[in-house]
Amino acid sequence: FGPLMKRVATFSLALPCSFPSLPSLAAVEPSPEALALVQRALDAASRDLRSPETEAVLSASIDTWRREKLPEDELAGLLKLRADSRLTSDVAGARRDLDEEVRLLVGNTDADPAELPRALLERARLKFDARDWAGCASDLRAAIDEDDALPAIERDNPYTWELLGRSDKALDA
């Protein structure tokens, strides 16, 4: 989510200036509309992550990011935020967002490498709650394989191993 935040910060600082003066942060620059929508989404999420307003403005941001064919690692960050906003109101929608986030992050050299194991772990938790033991175990093993990409404090999370053990036990039952 770092590159996206840099874009929003640059946009916010450049508001009094003309938009053409924005520094080039990627091959394709987001439109002022896209940046303004992301700013609104981040503001709404900071006030109330789970509100319908937050989900709506995140959805508009995601649609704009897709339409403008902007960087996929940044789109993944928006999808993750919308998944978080949907966790209590639309679990299936949260799962779809996490599925797409993982798809966008796998093999994406522009993405923060730590985002993939985090996304896999979050998706595994949803699969566990849905009693999708095989899917949960698969995501947890993939997250463990990516463990070195995480900051030291997040590595070797005992919760991950405990959840994997519970998933494997449920598979064996």
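Residues numbered from 1 in each chain as written. Predicted model: local features only at pLDDT ≥ 70, side-chain atom pairs only at ≥ 80, totals over all residues. Heavy atoms only, no water.

Peer 1: Which parts of the structure should I look at to understand helix 8 (residues 158–172)?
Peer 2: Residue pairs three or four apart in sequence face the same way in an α-helix, which turns once every 3.6 residues. Across its 15 residues, helix 8 extends 21 Å between first and last C-alpha, which sits within 8% of the 21 Å expected from 1.5 Å per residue. What helix 8 keeps buried is the set Thr160, Leu163, Leu164 and Ser167. Summarising the axial view, the buried residues of helix 8 lie within an arc of 105°, below the 170-degree limit, and thus occupy one face. Of the exposed residues in helix 8, the ones pointing more than 90 degrees away from its buried face are Pro158, Lys169 and Asp172. (Helix = DSSP H or I, 4+ residues; strand = E, 2+ residues; numbered from the N terminus. Expected span 1.5 Å × (residues − 1). Buried < 20%, exposed > 50% of the residue type's maximum accessible area, 1.4 Å probe, protein only. Arc of directions from axis to C-beta.)

Peer 1: Would you mind showing me how to read the packing of aromatic side chains here?
Peer 2: Summed over all chains, the structure comprises one aromatic pair. On the basis of an interplanar angle of 70° and a centroid distance of 5.0 Å, the ring pair of Phe128 and Trp133 is categorised as edge-to-face. Take Phe128 and Trp133: they sit in the same class, and that class is buried. (Phe/Tyr/Trp six-rings, centres within 6.5 Å; stacked < 30°, edge-to-face > 60°.)

Peer 1: What is the right way to look at the environment of Asn108 in this model?
Peer 2: Within the secondary structure, Asn108 is located in the loop between helix 5 (91–105) and helix 6 (115–129). According to the relative accessible area criterion, Asn108 is buried, its value standing at 17%. C-alpha separation for the pair Asn108 and Glu72, spaced 36 residues apart in sequence, amounts to 8.1 Å. Look past the residues within four positions of Asn108 in its chain and what remains in contact with it is Glu72 and Asp73. Within polar-contact distance, the side chain of Asn108 engages the backbone oxygen of Leu104 at 3.2 Å. (Contact = heavy atoms within 4.5 Å. Polar contact = N/O pair within 3.5 Å; in protein donor to acceptor, adjacent residues only side chain to side chain.)

Peer 1: How do you make sense of the pattern of salt bridges when you look at a structure like this?
Peer 2: Enumeration according to the criterion identifies 20 salt bridges in this entry. Where Arg67 meets Glu33, a salt bridge forms, and the shortest distance between an N and an O atom there is 3.6 Å. Placement of the pair is Arg67 in helix 3 (residues 52–67) and Glu33 in helix 2 (residues 32–47), with a sequence separation of 34 residues. We classify Glu33 as partly exposed; its relative accessible area is 42%. Across the salt bridge formed by Asp99 and Arg123, the nearest N and O atoms sit 3.1 Å from each other. Linking Asp99 in helix 5 with Arg123 in helix 6, this pair joins segments that are 24 residues apart in sequence. With a relative accessible area of 30%, Asp99 lands in the partly exposed category. Shared partners join several salt bridges into a network, and the residues in it are Arg95, Asp99, Arg123, Lys127, Asp132 and Asp139. (Salt bridge = Lys/Arg side-chain N within 4 Å of Asp/Glu carboxyl O.)

Peer 1: Just checking my understanding: could you explain unusual backbone geometry for this structure?
Peer 2: A negative phi angle characterises most non-glycine residues, just as the trans form characterises most peptide bonds. Positive phi, close to 60°, is recorded for Arg131, a residue that is not glycine. A positive phi angle, near 50°, is found at Asp156, a position not held by glycine. Among the secondary structure elements, Asp156 is positioned in the loop between helix 7 (133–145) and helix 8. For Asp156, a relative accessible area of 56% corresponds to the exposed category.

All quantities given are derived from atomic positions and should not be read as evidence of function.
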